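Listed below are the residues making up each chain.
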Amino acid sequence: MKSHVVPPGRGWFLPLSLFVMLLLSRAQTFAAPTVLYSTDFESGYNLNADLEGQLGWTGTGGGTFFDNGLVEDAYFLGAGTKAYIGFVPLAPGQTILYVWQTNLAPVPAAMPIVKFSVTMGIYNLNSPNRDCFRWSVFNSSGTHLFTLDFDNTSRAINYALQNDTSFTSTGRTYDNDTPYSLRITMDMANNKWSATLDNVLLVTNLAIAATGTPLTLGDVDALWVYRDPNAFRDDQSPSENVMVFDNYTITSEAAPPPPSPTLAARYDNGDVIIRLTGEAGRRYAIEAATNLAGTINWTPLRTNTATGGFFDFLDTTTPRPRHRFYRGRLVP
């Protein structure tokens, strides 16, 4: 039974003195991600049975037929099979349902960046009950690590870390009857996780596990939690709210190399273009200092997303320092 959350990288420094310099950007290559598990629910599933019990999917806390299962040609994305939790009330006395996949491959030691992605939507049916739907991550011992919560009463998105006794708001909300792309990135080497919904940042740089907890990946669970356990539920009528999900994928990949600043160009008036090369889609800062001795005072110059794997910054600082050192740093 279960016992039930990208730090700034060290920068690379580029010294720049008054004589002309031209450094070419380093080509950065990334190993292809390893798929730990992936399904689109299209092959081998029985639509007339619960998801639990099929192809490595298991669960706990349910007890009635079709409180989890599969649907075809319904909800989002048009035709095709999708999984769901909700719909039919849980067995009497039950207030929470967990469903998870057991056939995850282990995370390779050399590929500590774990990414979970899923297409999801929360739909309201005839019942006035509005519950909570969640995604929770557990380690290989079954210990809860962190949770993202979608509160279907307020439509607020919240999170809880391992030892939290309550949820914290992300400041974001969602809409019912709308498909979203949820992505959770876990940096297992640095004990940090972040999440986006349709590329909108929900959380970043939060701890995956508390000190002393084994930092492993066991499973990523879909949860249906009764918001009001005492609310009346007509167990003769399938009329509750439901979370539908598809394209459930977990991958791992190597950590990206630290950001690399290079001198792309220098003009006669002393202005320079610094190119910051990093992982596409991640945010970096370019900072500068006039010396590397004693206490180093780094001055922020530009923060941007490395669209396409890099971005350029035109440094027009005056007066011109005789020496200037640049570094790139990963930021939230």
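In case you missed it, the structure is sitting above this.
Note that the coordinates shown come from a computational prediction; the quantities given were computed from them, not determined experimentally. Chains are numbered independently. Their residues run from 1 in the order of the written sequence. Side-chain atom pairs in this predicted model are given and counted only at pLDDT of 80 or more, local residue features only at pLDDT of at least 70, and totals for whole chains, interfaces and linings cover all residues. In computing side-chain properties, one takes all heavy atoms of the structure into account and sets aside hydrogens as well as water.

Right, let's talk about the sheet that holds strand β8 (residues 132-138) for a bit. Strands are labelled as partners when DSSP assigns at least two bridges between them. In this description a helix means any DSSP run of H or I spanning at least four residues, a strand means any run of E spanning at least two, and both kinds are numbered starting from the N terminus. Reading across from one edge, β3-β6-β15-β8-β9-β10-β11 is the order of the seven strands in this open sheet, with antiparallel pairing throughout. A strand with exactly one partner marks an edge of an open sheet, and here the two such strands are β3 (57-60) and β11 (168-173). Direction aside, neighbouring strands of the sheet carry axes that sit 20° apart on average. Here four bridges tie strand β10 (residues 156-161) to β11, and the two strands are oriented antiparallel to one another. Axis lines are fitted through C-alpha atoms, for helices just across the contact stretch, and the angle between N-to-C directions can take any value from 0 to 180 degrees.

The tendency in soluble globular proteins is for nonpolar side chains to be buried as a group. Counting 51 residues, the largest nonpolar core has Trp-135, Trp-193, Phe-245 and Tyr-248 as the members making the most contacts within it. When residues of this core are assigned to their parent elements, the largest contribution, five residues, is made by strand β7 (residues 113-123). Nonpolar core, defined: a set of buried Ala, Val, Leu, Ile, Met, Phe, Trp, Tyr and Cys residues in which side-chain atoms within 4.5 Å join the residues together. For the exposure calls, accessible area comes from a 1.4 Å probe over protein chains only, and a residue counts as buried if that area is under 20% of its type's maximum, exposed if over 50%, partly exposed in between. Counting residues in each nonpolar core, the second largest holds twelve residues, with Leu-276, Ala-288, Phe-313 and Leu-330 among its members.

Pairing within the open sheet is antiparallel, and its three strands lie in the order β17-β18-β21. The open sheet terminates on both sides in strands that have one partner only, identified here as β17 (260-266) and β21 (310-315). On average, each strand axis in the sheet is inclined to that of its neighbour by 25°, with strand direction left out of account. The pairing of β17 with strand β18 (residues 272-277) spans six bridges and is antiparallel. Residue Ala-265 lies in a different strand from β18, and its bridge partner there is Ile-273.

This part takes up the packing of aromatic side chains. Each aromatic ring pair is described using two quantities: the centre-to-centre distance and the angle formed by the ring planes. Any Phe, Tyr or Trp ring, taking Trp's six-membered ring, that has another such ring centre within 6.5 Å forms a pair; planes under 30 degrees apart are called stacked, those over 60 apart edge-to-face, and the others tilted. Considering all chains together, one arrives at 17 aromatic pairs under this definition. Plain terms: the ring middles of Trp-57 and Tyr-248 are 5.0 Å apart, the flat faces sit at 75° to each other, and that makes the pair edge-to-face. With a gap of 191 residues between them, Trp-57 in strand β3 and Tyr-248 in strand β16 (residues 242-253) connect regions that are remote in the sequence. In this structure Trp-57 comes out as buried when scored by relative accessible area, which is 3%. Taking relative accessible area as the criterion, Tyr-248 reaches 0% and is therefore assigned buried. Geometrically, the ring pair formed by Phe-116 and Tyr-248 is edge-to-face, given 5.1 Å between the ring centres and 70° between the ring planes.

Whenever a carboxyl oxygen of Asp or Glu lies within 4 Å of a side-chain nitrogen of Lys or Arg, that contact is scored as a salt bridge. Tallied over the entire structure, the rule returns ten salt bridges. For Lys-115, the salt bridge identified is with Glu-253, shortest N-O distance 3.4 Å. On the criterion of sequence distance, the pair formed by Lys-115 in strand β7 and Glu-253 in strand β16 is long-range, its members being 138 residues apart. The exposure class assigned to Lys-115 is partly exposed, which follows from its relative accessible area of 28%. The salt bridge involving Arg-233 is made with Asp-131; its shortest N-O contact spans 2.6 Å. Highlighted residues: Arg-233 in the loop between β15 (219-225) and β16 and Asp-131 in the loop between β7 and β8, separated in sequence by 102 residues. The two residues Arg-233 and Asp-131 agree in class, both being buried. Look at the salt bridges and you will find they share partners, linking Asp-131, Arg-233 and Glu-240 into a network.

Summarising the element assignment, Ser-239 is placed in the loop between β15 and β16. A C-alpha to C-alpha distance of 5.0 Å links Ser-239 and Asn-126, two positions 113 residues apart in sequence. Throughout, a contact is declared for two residues whenever any of their heavy atoms are within 4.5 Å. Contact partners of Ser-239, with chain neighbours within four places excluded, come to Phe-87, Leu-125, Asn-126 and Ser-127.

These figures come from the coordinates and say nothing about function on their own.
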